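As a plain string of letters, each chain reads:
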Amino acid sequence: MKSPALRFNEIDFLRGIACLAVLLFHYFSRAPRAGWMQGVDYPAFEALARYGYLGVHLFFVISGFVILMSAHGATPRAFVASRVARLYPTLWVGATLTAATAWLLGEVRFAVSLRDYLINLTMLAHWFDASYVDGAYWSLAYELHFYIFVWVALRLGLMDRLSWLLVGWLAISAVNAIKPMWPLQFWLNAKWAPFFVAGGVFYLIRTQGGTALRYALLAASFALAQVYALGDAAAQGTGPEAVALQPAAVAAVVTAVFGVFWLIATGRFCMRASTMTVYAGLLTYPVYVIHQFFGAMLFEQLRGALGVPLAMGLTVAAVLGLAWAIHAGVERPLGKRLRQALDAPHRPARVSSLAG
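Residues numbered from 1 in each chain as written. Predicted model: local features only at pLDDT ≥ 70, side-chain atom pairs only at ≥ 80, totals over all residues. Heavy atoms only, no water.

1. Some remarks on the overall build of the chain
The number of helices and strands found in the chain is 14 helices and zero strands. Rg of the C-alpha trace for the chain: 20 Å, near the compact-globule value of 21 Å for 356 residues, within the 12% margin. Residues classed as buried in the chain amount to 51% of the 356 residues present. Residue pairs in contact within the chain that sit at least 24 positions apart in sequence constitute 77% of those at least 6 positions apart. (Helix = DSSP H or I, 4+ residues; strand = E, 2+ residues; numbered from the N terminus. Rg over C-alpha atoms; globule rule 2.2 N^0.38 Å. Buried < 20%, exposed > 50% of the residue type's maximum accessible area, 1.4 Å probe, protein only. Contact = heavy atoms within 4.5 Å.)

And the structure:
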């Protein structure tokens, strides 16, 4: 069945929220604690920014929603073409900008070898034990695994059995929560499955309605999401960059993520297209791939001459400006050409423009 031509502006809005949360986490909590951005000392704000890492959890729910929408009615070839066109041009530019900056500045904390840089361009650094050009790329690795799972389901004609595939994935996740199994946790996204599954189920409810099985999947996803999120929160209280996180706050954020998606799935939260939603949809990915290590290096170059507040403001402005330049100058034109080249022999199904 052909994918419905839908545009969820509220999803674009949530992308922006997730990206902003991660950026604030890195700039006002993680980077200062790691010594990457010195002089950033705003304790009251850091107490809130430290929870911004949960923006990645929101990203994974968003991905479950929009990737299933993209795959619905698409051929395996069209799905691959849409993913490559959406992800790789921006990654190539972002990774090159970050790696080149580290090499030029002699920043040993952020520099990677030429081998690792080249492997990063494939988005397969985690398969070859290569260092990430930017630490934020770890989440792209799990996104890629999810895309592979969806492609396999398309290739084998299993999309009609999607709900039962999600049941199996959650079962693996539940077993892993009880007894962590690294190979399965890594290759099958066992730790992040509850978030991807929840997003997919919310999409199914929005487009096809609720069923007892879908509600059961949501309940199981929610419970496992809480288990994994609270486990991660406890782990962040140890190590050289330890930070104290309140379990109640973490649980509340995860609950809020599921709550807002429930409103979207049931049609209770809808947004009109606006400048804010358009730019949130367009700039989230390029901002994500360049903001952390490149932003930290830029900030440190500016801080000595300009002071912390102005250096921070200019760093954020530069990241946003570069993100727009990457989108307009690389992602949009090159992505279009890649998609046409990869899907040239036949394009019988339209893949949603929301893919991302």
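2. Re the packing of aromatic side chains
Under the definition given, this model contains 32 aromatic pairs. Seen from their ring centres, F149 and W169 are 5.4 Å apart, and the 85° between their planes marks the pair as edge-to-face. Residue F149 is found in helix α6 (residues 138-155), and its partner W169 is found in helix α7 (residues 162-178); the two are separated by 20 residues along the sequence. For F149, a relative accessible area of 25% corresponds to the partly exposed category. Ring pairing ties together the aromatic residues F60, W138, Y142, F146, Y147, F149, W169, W192, F195 and F196, which thus form one cluster. (Phe/Tyr/Trp six-rings, centres within 6.5 Å; stacked < 30°, edge-to-face > 60°.)

3. Some points on the nonpolar core
Ranked by internal contacts, the top residues of the largest apolar core, which has 102 residues, are M37, F65, F202 and F261. No other element matches the 12 residues that helix α3 (residues 55-71) contributes to this core. Leaving out residues up to four positions away in the same chain, F65 has contacts with F8, I11, G199, G200, F202, Y203, F261 and I264. (Core = buried A, V, L, I, M, F, W, Y, C linked by side-chain atoms within 4.5 Å.)

4. With respect to the packing of helix α10 (residues 212-235) against helix α11 (residues 247-265)
Interaxial distance between α10 and α11 falls to 9 Å at its minimum, and their mutual angle equals 150°. It follows that α10 is roughly antiparallel to α11 by the angle criterion. Seen from above, α10 lies across α11 with right-handed handedness. Two secondary-structure elements touch here, α10 through Y215, L218, S221, F222, A225, Q226, A229, L230 and A233 and α11 through P247, V250, A251, V254, T255, F258 and W262. By residue class, the composition of the contact of α10 with α11 is 13 nonpolar, three polar and no charged. (Axes fitted to C-alpha atoms, helices over the stretch in contact; angles between N-to-C directions. Parallel < 35°, antiparallel > 145°, perpendicular 65-115°, else oblique. Left-handed = near helix turned anticlockwise from the far one by under 90°. Nonpolar A, V, L, I, M, F, W, Y, C, P; charged D, E, K, R; others polar.)

5. Description of the environment of Q38
The residue Q38 is located in the loop between α1 (9-34) and α2 (43-49) in this model. Under the relative-accessibility criterion, Q38 is labelled partly exposed at 42%. Through-space distance from the C-alpha of Q38 to that of C270 is 41 Å; in sequence the pair is 232 residues apart. Beyond its immediate stretch of four places on either side in the chain, Q38 contacts F299, E300, R303 and V308.

6. Remarks on the confidence of the model for the chain
Averaged over all residues, the pLDDT of the chain is 93; the fraction at 70 or higher stands at 95%. Long-range and interchain partners of residues 347-356, a stretch whose pLDDT sits below 50, account for 33 contacts in this model, where long-range means more than four residues apart. (pLDDT = per-residue confidence, 0-100.)

7. Digging into helix α9 (residues 193-208)
Its 16 residues place the ends of α9 22 Å apart at the C-alpha level, agreeing with the 22 Å of an ideal helix rising 1.5 Å per residue. The buried fraction of α9 is high, at 13 of 16 residues. Among the residues trailing α9, G209 stands out with phi positive, at a value near 95°. (Expected span 1.5 Å × (residues − 1).)

8. Points about the side chain of E46
Tracing the chain through its elements places E46 in helix α2. With a relative accessible area of 13%, E46 lands in the buried category. In terms of polar contacts, E46 uses its side chain to reach the side chain of R50, at 2.6 Å. With near-sequence residues (within four places) excluded, E46 lies in contact with F28, S29, R33 and V243. (Polar contact = N/O pair within 3.5 Å; in protein donor to acceptor, adjacent residues only side chain to side chain.)

9. Some remarks on a nonpolar patch on the surface
Judged by side-chain polarity, V80, W127, F128, I148, W151, V152, L156 and W187 come together as a nonpolar surface patch covering roughly 710 Å² of accessible area. Sort the elements by how many residues they give to the nonpolar patch and α6 lands first, with three residues. Tracing the sequence through the fold places L156 in the loop between α6 and α7. (Patch = residues over 30% accessible without salt bridge, like charges linked within 9 Å, V, L, I, M, F, W, Y side chains within 5 Å. Areas by Shrake-Rupley, 256 points an atom, 1.4 Å probe, with all protein chains shown as cover. Salt bridge = Lys/Arg side-chain N within 4 Å of Asp/Glu carboxyl O.)

10. A word on helix α12 (residues 275-290)
Between its first and last C-alpha atoms α12 spans 22 Å; for 16 residues at 1.5 Å apiece the expected length is 22 Å, and the two agree. By the largest-angle criterion, L283 marks the main kink of α12, which is about 45°, and a proline, P286, follows within four residues. Among the residues of α12, T277, A280, G281, L283, T284, Y285, P286, V287, Y288, V289 and I290 are the ones counted as buried. For α12, the secondary structure elements touched by its buried residues are α1, α3, α4 (76-105), α6, α13 (293-306) and α14 (308-342). (Bend = angle between axes of the 7 residues up to and from the residue.)

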